[in-house]
Amino acid sequence: MRVGVMASGRGSNFQALIDAAERGEIPDADLAHLIVNKKDAYAIKRAKKHRINYTVITSHDRTRGEFDQSVLKLLKELNIEIVVLAGFMRILTPEFIDTYRNRILNIHPSLLPSFPGANAHRDAIKYGVKVSGCTAHLVDEGIDSGPIIMQTSVTLSDGETEESLADKILKYEHQILPKALQLLCSGKIVINGRHIKIKSD
Ligand code: GRF
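Residues numbered from 1 in each chain as written. Predicted model: local features only at pLDDT ≥ 70, side-chain atom pairs only at ≥ 80, totals over all residues. Heavy atoms only, no water.

Turning our attention to the sheet that holds strand S3 (residues 53–56). Reading across from one edge, S3-S2-S1-S4-S5-S6-S7 is the order of the 7 strands in this open sheet, with mixed pairing throughout. What marks the edges here is a single partner per strand, and that holds for S3 and strand S7 (148–155). Between one strand axis and the next, the sheet turns by 20° as a mean value, whatever way the strands run. Two elements, strand S1 (residues 2–7) and strand S4 (residues 82–85), share 4 bridges in a ladder whose sense is parallel. By the bridge assignment, Val 5 is partnered in S4 with Val 84. Along the sheet face, helix H3 (residues 64–77) touches S1, strand S2 (30–36), S3 and S4 and points at about 155° away from the line of S2. (Pairing = 2+ DSSP bridges. Helix = DSSP H or I, 4+ residues; strand = E, 2+ residues; numbered from the N terminus. Axes fitted to C-alpha atoms, helices over the stretch in contact; angles between N-to-C directions. Contact = heavy atoms within 4.5 Å.)

Rendered as structure tokens:
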């Protein structure tokens, strides 16, 4: 499957995909292209280093609709079949989601449906949860609300900070995102409403 990765910044999840691909762990995924919406995104450096083609489509100077149309046009030209949101910090339009229905994968740093949105670590700490984690899920029209493919939990320590929790969770994001991508690309995911089952070999 030809995969387009979308990122906004650091791109450590993108790097985790690259590393997994280089180790042969996502044989059904071809990391064909990176799209970033910020011209200084560090993810670009990772793409360059690993000779992955990339495109910058800035989002600050166009409407949400214009941005999504530009991305969709590019994805079509490149025959991209699966989209991964790897730290892509923007909401996509319903049209975008409908075009790639059940073919957009996102990684989120909480155990959804708890703490959706941009401040998951802060919200989890503020709430006082003892366990949080990360979720790889398909994207629907809501915010971090699509069907769940995979989750991993972590235990919060006394005195956990936003930064320490983010570090703790990130390690597991890097593990489950490539696994979820491989499942999606290999056609092993069976979707029934909100429920996802994984076909066994
Ligand atoms: C990750 O924690 C991801 O779950 C969230 O944003 C962060 C992006 O990190 N959506 P990176 O750019 O992949 O390093």
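From this point on, the discussion continues.
This paragraph deals with the site of the ligand. In the region of the ligand, the neighbouring residues are Arg 10, Gly 11, Ser 12, Asn 13, Gly 87, Ile 107, His 108, Pro 109 and Glu 173. Between an oxygen atom of the ligand and a side-chain N or O atom of Glu 173, the distance comes to 2.6 Å. Coverage of the ligand by the protein chains reaches 87% of its 370 Å² of free accessible surface. Residue composition of the shell around the ligand, by class: 2 nonpolar, 5 polar and 2 charged. (Near = heavy atom within 4 Å. Polar contact = N/O pair within 3.5 Å; in protein donor to acceptor, adjacent residues only side chain to side chain. Areas by Shrake-Rupley, 256 points an atom, 1.4 Å probe, with all protein chains shown as cover. Nonpolar A, V, L, I, M, F, W, Y, C, P; charged D, E, K, R; others polar.)

With that out of the way, let us pick up the packing of helix H5 (residues 120–127) against helix H6 (residues 162–185). Following both chains from N to C, one finds H5 and H6 inclined at 115°, their axes separated by 9 Å at the closest point. Relative to H6, the crossing made by H5 is right-handed. Contacts between H5 and H6 involve His 121, Arg 122, Ala 124 and Ile 125 from the former and Glu 162, Leu 165, Ala 166 and Ile 169 from the latter. Residues of the contact of H5 with H6, tallied by class, amount to 5 nonpolar, 1 polar and 2 charged. (Left-handed = near helix turned anticlockwise from the far one by under 90°.)

All right, on to the packing of aromatic side chains then. One pass over the structure, following the stated rule, counts 3 aromatic pairs. Ring centres of Phe 67 and Phe 88 lie 6.1 Å apart, and the angle between their planes is 15°; this geometry places the pair in the stacked category. Taken together, the residues span a long stretch of sequence, with Phe 67 in helix H3 and Phe 88 in the loop between S4 and helix H4 (94–99) at a distance of 21 residues. Considered together, Phe 67 and Phe 88 belong to a single accessibility category, that of buried residues. If you follow Arg 90 out to its NZ or CZ, it ends over the ring of Phe 67, 5.0 Å from the centre. (Phe/Tyr/Trp six-rings, centres within 6.5 Å; stacked < 30°, edge-to-face > 60°. Buried < 20%, exposed > 50% of the residue type's maximum accessible area, 1.4 Å probe, protein only. Lys NZ or Arg CZ within 6 Å of the ring centre and 35° of its normal.)

Let's shift gears to the nonpolar core. Membership of the largest hydrophobic core comes to 43 residues, with the highest contact counts inside it found for Val 3, Val 5, Val 84, Leu 105, Ile 149 and Leu 181. The element contributing the most residues to this core is H6, with 9 residues. Once residues within four sequence positions are removed from consideration, Val 3 is found in contact with Ala 29, Asp 30, Leu 31, Ala 32, His 33, Ile 80, Ile 82, Val 84, Leu 181 and Cys 185. Leu 74, Leu 85, Ile 97 and Tyr 100 belong to the second-largest nonpolar core, a separate cluster that totals 19 residues. (Core = buried A, V, L, I, M, F, W, Y, C linked by side-chain atoms within 4.5 Å.)

Let us now look at the pairing of S1. S1 sits mainly inside the fold: 5 of its 6 residues count as buried. Direction of pairing for S1 relative to S2: parallel, over a ladder of 6 bridges. Residue pairing for S2: Met 6 is matched across the bridge by Ile 35. Where the polypeptide runs from S1 across helix H1 (residues 12–22) and back to S2, its parallel neighbour, the crossover connection is right-handed. (Right-handed = clockwise from strand over helix to strand, strands pointing away.)

Attention now moves to the pattern of salt bridges. According to the stated counting rule, one finds 8 salt bridges in the structure shown. Across the salt bridge formed by Glu 160 and Lys 168, the nearest N and O atoms sit 2.6 Å from each other. A cluster of three or more residues bridged by salt bridges with shared partners is formed by Asp 98, Arg 101 and Glu 141. (Salt bridge = Lys/Arg side-chain N within 4 Å of Asp/Glu carboxyl O.)

Everything listed here is a matter of coordinates, which is why it stays silent on function.
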